[in-house]
Structures are given as C-alpha cells and as structure tokens.
Amino acid sequence: MSAARTMMSQNVAKDRIVTKFPQAFHPDATPYQKMNFHPKVKAACTDNKTGRVGLKICKAVLVGDVSVGKTSLVNRFCHDVFDRDYKATIGVDFEVEKFSLLNVPFTLQIWDTAGQERFKCIAASYYRGANVTIVVFDMSDESSLANVARWMDDAAGNSSDPIKFVVGTKKDLVSPAAFESIEQNAVEIANSLGAEFWAVSSKTGENVKEFFFRAVALTFEAAILREIDTSSDGPTKQIGNDLIKVDNENVFERRSKKNPLGKCCDM
Ligand SMILES: Nc1nc2c(ncn2[C@@H]2O[C@H](COP(=O)(O)OP(=O)(O)OP(=O)(O)O)[C@@H](O)[C@H]2O)c(=O)[nH]1
Ligand SMILES: [Mg+2]
C-alpha cells in the first residue's frame, strides 16, 4: 500500500470503514441487484487505479415533507444523537463524512433540505448534481408517502441518473401490523420510481448505519465505474454484471443519418 493511501486510511474513523458490500434492506425492493463489488471495481482499487475517486466529493441530497425526520436521520448517522424536539431546517444544512471502501478513501457530502414549502426554492437549488437522491417519508403518517413520487421527480430530475432511495422513518412508532401495510405500499412506490426502499428509526438507530453504508457503497461503485469508463480507450456501459463497450462511432453515425442535428425528439 502506498504511503499516501496509508495516510488517507488513517484519516477515516474506524466506524466508517466499509469492509463488506452492504446488502439491500429488502431483496424485492431494489433495482440494485448486485451482491458484491463489481470485479472491475475491486481490481481498480487493488491496482490503485481509481482515478479521481479518492479526491472527489460525492453528493447525497435528502428531501421530503415537513417533519418526516430528515435532519434526525442525518444527525443519528453523523453524530449518533437523537432530539425529541422538532427544529425546522431553514433552507439547507450539510455534513461531510469520510469513508474507506476497499482501502480507497471516499467522501460524501450529505445535504439535508427543508421540507417547508417557503424554503422550497432555496432547497431546490441544491438538488442539482446529486449522486444520491434520498426521499424520506414518515411511516407513522401515511400522507407523507403520497408525496414521495413528487419529491423524487423534483430532486432526481435535476441530476443525471442518481442512485435513488425511498426511506421510511419513525419505524419505532408503528405497530407490526401497520408496518406491514405501509411497507407494502412503500415498496410498490419505490419500485415504480426505480428506487431502493429502507425502513429506519433515528430514535433507536435501527438500520440507520446500514442504510448509509449501502448508499455510500453504491455511490462509490458507480463513481469508480465512471472513472474506468472515462479513462479507458472508449466508453463502456454497465449491463447487469458486465461492462459492455459502447461503439461510439456507430452511435454517432446512426444519429447523424437519422437526425443530423443530434436532437432527441423527432421533428
Ligand atoms: N419516534 C421518532 N421520532 C422521530 C424519528 N425521526 C424524527 N423524529 C421526530 O420527528 C420530528 C421531526 O424531525 P426532523 O428530523 O426535524 O424532521 P425534518 O424532516 O428534518 O423536518 P424539516 O426540517 O422541517 O423538513 C422531531 O420531533 C423528531 O424528534 C424517529 O425515527 N422516531
Ligand atoms: Mg430538517
């Protein structure tokens, strides 16, 4: 291991070292079906060919209705605290967390936006460029689930293909029967949005670390695959577990014959 890598590993707290590929909360509620890091990602990390990934900061954005528990979720993960009293977020807040995955340092900026309508336009200006979009709802208030699709549309629509999550909070407040029913609805909505579903409690801490580790691992993997893609002699696309080479010339040729201006719509 290089001296620089050792230094960087030392800067990462022990409880931010991801050693195993974190699994989904529910195998039927995720579009991300892989069980392990992609072999190309492992090889890139072992050979120290991760490009700018260790230097760049990836961005996660939390959105959702007022008081669903976005700030509590971030505070539980980042500071291991829980506050019973509600203090509305004004505009946005952010935290920065450093991780180590496959011995490579990785930094995630976590943006916690306000759910209050009057702050919507301030918060919305931070949606752009998110690598992870996390839509939060309150499992003890089913009406917050009804707004999940709108939040996902607003937030993820401003980024290019982010990793998407739908997270139900306050699991500690719902009975097992109520949990089963709301979970079923939430899974359906998450699946329809191409997002992974999680149920957590910031009060007890249940699933909070597991959720963030999963989000970090998927983001890290996507960032490394992007690096491999841009640094190889041609672009590749991930299909299932395989990296498929994209034939640029043919794509361009096809586009230029059909539509010389390269516009998306048929005119
Ligand atoms: N019992 C329980 N209460 C929670 C949980 N998460 C949040 N709360 C409570 O719900 C209230 C709102 O939590 P916040 O985290 O401030 O909600 P928010 O989504 O950040 O709200 P805005 O910033 O206004 O958008 C607070 O009183 C929290 O204590 C949880 O997992 N369990
Ligand atoms: Mg808040």
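Described in the following lines is the structure provided in the data block. Just so it is clear, the model here is predicted, and its values are computed rather than measured.

Calculation notes
- Residues numbered from 1 in each chain as written.
- Chains lettered and ligands numbered in written order.
- Predicted model: local features only at pLDDT ≥ 70, side-chain atom pairs only at ≥ 80, totals over all residues.
- Heavy atoms only, no water.
- Donors = N, O, S within 2.8 Å, 3.2 Å for Na, K, Ca; no water.
- Helix = DSSP H or I, 4+ residues; strand = E, 2+ residues; numbered from the N terminus.
- Buried < 20%, exposed > 50% of the residue type's maximum accessible area, 1.4 Å probe, protein only.
- 1 Å grid on protein atoms, 1.4 Å probe; cavity = no way out; pocket = protein on both sides within 12 Å on 5 of 7 lines; lining within 4 Å.
- Points joined across faces, edges and corners; volume = space filled by probe spheres on them.
- Nonpolar A, V, L, I, M, F, W, Y, C, P; charged D, E, K, R; others polar.
- Salt bridge = Lys/Arg side-chain N within 4 Å of Asp/Glu carboxyl O.
- Pairing = 2+ DSSP bridges.
- Right-handed = clockwise from strand over helix to strand, strands pointing away.
- Contact = heavy atoms within 4.5 Å.
- Axes fitted to C-alpha atoms, helices over the stretch in contact; angles between N-to-C directions.

Moving on to the coordination of the magnesium ion (ligand 2). The protein atoms donating to the magnesium ion (ligand 2) are Thr71 (OG1) and Thr89 (OG1), with metal-donor distances spanning 2.0 Å. With threonine 71 in helix H3 (residues 70-79) and threonine 89 in the loop between H3 and strand E3 (92-101), this pair connects stretches of sequence that are 18 residues apart. The class of threonine 89 is buried, set by a relative accessible area of 10%.

The next subject is the layout of surface pockets. In this model, the second largest pocket occupies a volume close to 530 Å³. Lining the second largest pocket are 26 residues, and of these Gly69, Ser72, Asp83, Asp85 and Tyr86 sit closest to its centre. Tallied by class, residues from the lining of the second largest pocket come to 7 nonpolar, 11 polar and 8 charged.

On inspection of all chains with the given rule, the structure shows 9 salt bridges. Salt-bridge contacts for aspartate 15 lead to arginine 16; the nearest nitrogen and oxygen are separated by 3.8 Å. Aspartate 15 sits in the partly exposed class, given a relative accessible area of 41%. Notably, a salt bridge pairs aspartate 154 with lysine 120, separated by 2.8 Å at the nearest N-O pair. In this pair, aspartate 154 is assigned in helix H6 (residues 148-156) and lysine 120 in helix H4 (residues 120-124), connecting sequence segments 34 residues apart. Looking at aspartate 154, the relative accessible area reads 27%, which means it is partly exposed. On the accessibility criterion, lysine 120 (15% relative accessible area) is buried. Sharing partners across several salt bridges, the network here consists of Asp15, Arg16 and Glu97.

Where a strand is regular, its side chains alternate between the two sheet faces. The buried fraction of strand E6 (residues 163-169) is high, at 7 of 7 residues. Of the two faces of E6, the one lined by Ile163, Phe165, Val167 and Thr169 and the one lined by Lys164, Val166 and Gly168 are each fully buried. Relative to E6, strand E5 (residues 132-138) runs parallel, the two being bridged by 7 bridges. Looking at the pairing, threonine 133 lines up with lysine 164 of E6. Sheet topology places E6 next to strand E7 (residues 196-199); 4 bridges connect them, and they run parallel. Along E7, the bridge assignment pairs valine 166 with phenylalanine 197. In this region the chain leaves E6, passes through helix H7 (residues 176-193) and returns to the parallel neighbour E7; the handedness of that crossover is right-handed.

Time to look at unusual backbone geometry. Backbone geometry places aspartate 80, a non-glycine residue, at a positive phi of 55°. Position of aspartate 80 among the secondary structure elements: in the loop between H3 and E3. For aspartate 80, a relative accessible area of 57% gives the class exposed. Look at asparagine 207: it is not a glycine, yet its phi comes out positive at around 70°.

This next bit is on the pairing of E3. Two strands pair when backbone bridges link them, and strand E1 (residues 17-18) and E3 are joined in this way by 2 bridges, in the parallel orientation. Bridge pairing in E3 places valine 18 opposite leucine 101. Sheet topology note: the E3/strand E4 (residues 104-113) ladder contains 10 bridges and is antiparallel. Across the sheet, residue glutamate 95 finds its bridge partner in E4, namely isoleucine 110.

Reading across the sheet, the 7 strands line up as E1-E3-E4-E2-E5-E6-E7 and stay open at both edges, with mixed pairing between neighbours. Strands at the two margins of the open sheet, each flanked by one partner only, are E1 and E7. Against the sheet, H6 engages strand E2 (57-64), E5 and E6, with an angle of about 160° to E5.

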